[in-house]
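Spelled out, the chains give:
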Amino acid sequence: GLPPNWEVRHSNSKNLPYYFNSVDKVSRWEPPQGTDTDKLKHYMAANHSAGSRPGAVPGVPEGKIRAAHLLVKHRDSRRPSSWRESEIIRSKDEAMDIIKGHEQMIKSGGISLGDLAPTESDCSSARKRGDLGYFGRGDMQKEFEDAAFALKPGEMSAVVETASGLHLIERLE
Ligand SMILES: N=C(N)NCCC[C@H](NC(=O)[C@@H]1CCC/C1=C\[C@H](COP(=O)(O)O)NC(=O)[C@@H](N)Cc1ccccc1)C(N)=O
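Treat the numbers as computed from the prediction; the structure is a model and nothing was measured.

A. How the structure looks around the site of the ligand. Near the ligand you find 15 residues, and of these K73, R78, R79, Q141 and S164 are the closest. Within the contact set of the ligand, an oxygen atom lies 2.8 Å away from a backbone nitrogen or oxygen of Q141.

B. Inspection of unusual backbone geometry at higher detail. Even without being a glycine, N5 presents a positive backbone phi close to 75 degrees. A positive phi is found at R129, a non-glycine position, where the angle reads about 55 degrees. In this structure, R129 sits in the loop between helix 3 (113-120) and strand 5 (131-135).

C. Region of the structure containing the packing of helix 2 (residues 92-107) against helix 3. As a packed pair, helix 2 and helix 3 sit with axes 10 Å apart at the nearest point and diverge in direction by 150 degrees. Overall, the two elements helix 2 and helix 3 adopt an arrangement that is roughly antiparallel. At the point where helix 2 passes helix 3, the crossing takes the right-handed sense. Residue-level inspection shows H102, M105 and I106 of helix 2 in contact with helix 3, the latter providing L113, L116 and E120. The residue inventory of the contact of helix 2 with helix 3, partitioned by class, reads 4 nonpolar, 1 polar and 1 charged.

D. Inspection of the sheet that holds strand 1 (residues 6-11) at higher detail. With antiparallel pairing, the 3 strands of this open sheet are ordered in space as 1-2-3. Each edge of the open sheet is held by one strand with a lone partner, namely strand 1 and strand 3 (26-28). Geometrically, the sheet is characterised by an average inter-axis angle of 30 degrees between neighbouring strands, direction not taken into account. In this sheet, strand 2 (residues 16-21) lies alongside strand 1 in antiparallel orientation, the contact comprising 6 bridges. Considered in strand 2, the bridge of E7 is made with F20.

E. Representation of the pattern of salt bridges in the model. Counted under the stated rule, the structure contains 16 salt bridges. Notably, a salt bridge pairs R84 with D122, separated by 3.6 Å at the nearest N-O pair. Of this pair, R84 sits in the loop between strand 4 (65-72) and helix 2 while D122 sits in the loop between helix 3 and strand 5, and the two are 38 residues apart along the sequence. We classify D122 as buried; its relative accessible area is 2%. Put simply, D115 and R129 hold a salt bridge, and the shortest N to O gap is 3.0 Å. With D115 in helix 3 and R129 in the loop between helix 3 and strand 5, the pair connects residues that are 14 residues apart, well separated along the chain. Note on D115: relative accessible area 40%, which makes it partly exposed. In the salt-bridge network here, residues are joined through shared partners; they are R84, E85, R90, E120 and D122.

Calculation criteria
- Residues numbered from 1 in each chain as written.
- Predicted model: local features only at pLDDT ≥ 70, side-chain atom pairs only at ≥ 80, totals over all residues.
- Heavy atoms only, no water.
- Near = heavy atom within 4 Å.
- Polar contact = N/O pair within 3.5 Å; in protein donor to acceptor, adjacent residues only side chain to side chain.
- Helix = DSSP H or I, 4+ residues; strand = E, 2+ residues; numbered from the N terminus.
- Axes fitted to C-alpha atoms, helices over the stretch in contact; angles between N-to-C directions.
- Parallel < 35°, antiparallel > 145°, perpendicular 65-115°, else oblique.
- Left-handed = near helix turned anticlockwise from the far one by under 90°.
- Contact = heavy atoms within 4.5 Å.
- Nonpolar A, V, L, I, M, F, W, Y, C, P; charged D, E, K, R; others polar.
- Pairing = 2+ DSSP bridges.
- Salt bridge = Lys/Arg side-chain N within 4 Å of Asp/Glu carboxyl O.
- Buried < 20%, exposed > 50% of the residue type's maximum accessible area, 1.4 Å probe, protein only.

Listed below in structure tokens is the structure:
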């Protein structure tokens, strides 16, 4: 147990236990002298089982992946405009020829998607080498989500078509 007047509380913001002395009105992260560490062990086991979730990857939010993409828009894109061109008039066939060219260059090992995106991608993520950060199911358009979640980290998709345009997707995490 804890010394007199001490109690364990739970910090929701940090998801960690802390110690509170109800007489001195003092709170601290470290257990006070004379704490029975067995009780602490039981507390940690009871409240931090999520931390030891099987397959848990420290730092990666549960159920999310991280990917980069290269987007080539065309005149039928839902928003035929981008940081590259205020009005995108290329046809879908022309966009397909362009993105297939990028795909070949990446597959031949000449250049990476992250190297191409900054100049070639019609998505604002171009400024981040195509990196979209972490996302979960429900965030992206379905075709994009299904393709991205089917990849292993480090793999690149085939050309994926969404209402935004044509994408190459590389899963990062
Ligand atoms: N991280 C999230 N949850 N951000 C919301 C994504 C919304 C989602 N977007 C898509 O599915 C496609 C695939 C990837 C990018 C994308 C589309 C467009 C470009 O197409 P357009 O909308 O002109 O048709 N780029 C974006 O959204 C960018 N904010 C992505 C981004 C940019 C910089 C940093 C992070 C993310 C959707 N449900 O529409």
